[in-house]
Amino acid sequence: MGEDGHVSEAFDAVDVISAKRDREELSDAQIDWVIDAYTRGVVAEEQMSALAMAIYLNGMGPREIARWADAMIRSGERLDFSGLSRPTSDKHSTGGVGDKITLPLAPIVAACGVAVPQLSGRGLGHTGGTLDKLESIPGWRASLSNEEMLAQLEDVGAVICAAGTGLAPADKKLYALRDVTGTVSCVPLIATSIMSKKIAEGTGSLVLDVKVGSGAFMKELGQARELAETMVRLGTDAGVKTVALLTNMETPLGLTAGNALEVRESVEVLEGGGPPDVVELTLALAREMVAGAGRDDVDPADVLADGRAMDVWRRMIRAQGGDPDAPLPTARETHLVLAPADGVLVQLDALAVGVAAWRLGAGRARKEDPVQAGAGVEIHAKPGAVVRGGEPLLTLHTDEPERFDRALESLEGGFLIAPEGSRPDLPPIVIERVS
Ligand code: URA
């Protein structure tokens, strides 16, 4: 403490910003200080945005990345699941259109004897948030105390809830800042943001679903691979068994994008139906999670087929106040998008569909905006399907019909129909595994 009563700071924010601007490596002490001082409000928002932009432009090396993640973990609390009677495994997706996988995945993995602590977020922009989806179930509540979460994990085996404010608070501030300063899509910043939360959460093993394609943060395979490798290294070095799957996000997952629409589709999967791509990816991730937790004696496909996963889903929803039998909300208005010609659908762009669902009211532009439970896009034909001119390709759902025009604008050029007999080159759902 100085004579004037102020805590003297170890560094000056301007020196740290200038060092990164000039492509120097930040020292461990500089990183520890800047994250701590930003969390305390000593480093101002405009200073952190300048530093984030310098990192965006000049990158960080492996040592800096590891230290940055560690400093963000130390900015808050760490959860401890070691008292649970079963091993834990978690999944994180980098976000995509129609990505409802967490909903069927958590109960499937729990039914295999693995505890799934799934701390999730709300959607921002064109990718939906898991909590927004579940909140379309009447009565379901996202906020649980740490004690409630632990009790539900022990009793039901799966919990999907809002991450408390105590986990990596530095990331909470920094992510909000990056969102408004054009510094989100940067491998070191994304990797440390995601992994600081997952490591602080205390899961024993982790599976990362890194999306690649038009609807994802990472549009290119090389960039997605770099992100996956960076995150796997951070997890492994922190003692969390971590693997990543690079998965296709050129086209939406499944046949729905929108909150209640996606819950309905997830329930169909748990009933033994659902779109093949959703089932395939859910089971691929479930197998990785179960193996990571050391329970590869159980096949996730079996607990899905015999209804045990559905039982866990119902208990999981009820434990958080939801009624799994209540009818899901539906939008007041619908609008059909028709195929303009006969042929083969060769492209249905994930970003176009995601933006359409968002503009229909399924997503929010600002953190504080409400979302419509029933809004979104229902997909009637996926790439590879033969379509007839005049038949429905998509149904748009919203409570506010004045939203249709803007949604239709985003779909212009978002699908392509080639002459009959064309064979589109369709990438597999799981493109690569990184461990
Ligand atoms: N999700 C996160 O939690 N952080 C990022 O930086 C990007 C996606």
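Residues numbered from 1 in each chain as written. Predicted model: local features only at pLDDT ≥ 70, side-chain atom pairs only at ≥ 80, totals over all residues. Heavy atoms only, no water.

Per an unreviewed UniProt entry, the chain goes by the name Thymidine phosphorylase and belongs to Humibacillus xanthopallidus. The record held by UniProt for the chain lists under Subunit (unreviewed entry) the comment "Homodimer." One UniProt comment on the chain, placed under Sequence similarities (unreviewed entry), says "Belongs to the thymidine/pyrimidine-nucleoside phosphorylase family." (UniProt positions renumbered as here; feature names shortened; annotations may be inferred.)

A. How the structure looks around the overall build of the chain. Helix and strand counts for the chain come out as 16 helices and 13 strands. If you line up the chain on its principal axes, its C-alpha atoms span 80 × 45 × 40 Å. A burial count over the chain gives 54% of its 435 residues as buried. A fraction of 79% describes how many contacts in the chain between residues 6 or more apart in sequence connect residues 24 or more apart. Accessible area of the chain: about 17,800 Å², with a carbon and sulfur share of 51%. Here the chain carries 42 positive and 65 negative side-chain charges, and the mean point of each set is 1 Å from the other. (Helix = DSSP H or I, 4+ residues; strand = E, 2+ residues; numbered from the N terminus. Buried < 20%, exposed > 50% of the residue type's maximum accessible area, 1.4 Å probe, protein only. Contact = heavy atoms within 4.5 Å. Areas by Shrake-Rupley, 256 points an atom, 1.4 Å probe, with all protein chains shown as cover. Lys, Arg positive; Asp, Glu negative; His and termini not counted. Charge placed at Lys NZ, Arg CZ, Asp CG, Glu CD.)

B. Main features of the site of the ligand. Neighbouring the ligand are the residues Tyr 175, Arg 178, Ile 190, Ser 193, Ile 194, Lys 197 and Phe 217. Interatomic distance of 2.9 Å between a side-chain N/O atom of Arg 178 and an oxygen atom of the ligand. Here Ser 193 contributes a side-chain N or O atom positioned 2.6 Å from a nitrogen atom of the ligand. In the complex, the protein chains occlude 92% of the 240 Å² of accessible area that the ligand would expose alone. (Near = heavy atom within 4 Å. Polar contact = N/O pair within 3.5 Å; in protein donor to acceptor, adjacent residues only side chain to side chain.)

C. Seen up close, unusual backbone geometry. A positive phi angle, close to 65°, is found at Arg 23, a residue other than glycine. Phi is positive for Ala 168, which is not a glycine, with a value near 40°. On the basis of relative accessible area, Ala 168 is assigned to the buried category, the value being 1%.

D. Molecular detail of a nonpolar patch on the surface. A contiguous nonpolar surface patch, about 280 Å² in accessible area, is contributed by Met 53, Tyr 56 and Leu 57. By the secondary structure assignment, Leu 57 is in helix α3 (residues 45-58). (Patch = residues over 30% accessible without salt bridge, like charges linked within 9 Å, V, L, I, M, F, W, Y side chains within 5 Å. Salt bridge = Lys/Arg side-chain N within 4 Å of Asp/Glu carboxyl O.)

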